[in-house]
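What follows is the residue order along each chain.
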Amino acid sequence: MNDLEERKQKAMAEIKELVKWANAESDKVIAQMKSEGIKIGLDGHQERFAYIREIERRRMREIVAKYDLPYEVKI
């Protein structure tokens, strides 16, 4: 296996963990909103999820830089 392929695999493992975290965090936000009696729709209350998206963006850029991947992250 070449060096780039190995770095890609390591990066993907970290990205999978990031996605798991983001999904779990979104579930927490949804549960909190439900407990507050807030109706949940496809495009509503995006501000409640904004911190998750911001952390995802930052971590993706960090992962790409950490493994020196030849990609530009546009999230």
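In the block above lies the structure referred to throughout.
Now for a description of the structure that goes with this document. Computed from a predicted structure; not experimentally measured.

Now for the overall build of the protein chain. Counting its regular elements, the protein chain contains two helices and zero strands. Here the C-alpha atoms of the protein chain give a radius of gyration of 16 Å, more than 25% beyond the 11 Å that 2.2 N^0.38 yields for 75 residues. In terms of its C-alpha atoms, the protein chain occupies a principal-axis envelope of roughly 50 × 20 × 15 Å. Looking at the protein chain as a whole, 23% of its 75 residues qualify as buried. Long-range pairs, those at least 24 residues apart, make up 52% of the contacts in the protein chain between residues at least 6 apart in sequence.

Taking 1.5 Å as the rise per residue, helix α2 (residues 46-66) with 21 residues should run 30 Å; its terminal C-alpha atoms sit 29 Å apart, in good agreement. All of the buried residues in α2 are F49, I52, M60, I63 and V64. Turning to α2, the residues buried within the fold contact α1 (3-35).

Criteria and thresholds
- Residues numbered from 1 in each chain as written.
- Predicted model: local features only at pLDDT ≥ 70, side-chain atom pairs only at ≥ 80, totals over all residues.
- Heavy atoms only, no water.
- Helix = DSSP H or I, 4+ residues; strand = E, 2+ residues; numbered from the N terminus.
- Rg over C-alpha atoms; globule rule 2.2 N^0.38 Å.
- Buried < 20%, exposed > 50% of the residue type's maximum accessible area, 1.4 Å probe, protein only.
- Contact = heavy atoms within 4.5 Å.
- Expected span 1.5 Å × (residues − 1).

These values are about where atoms sit, not about what they do.
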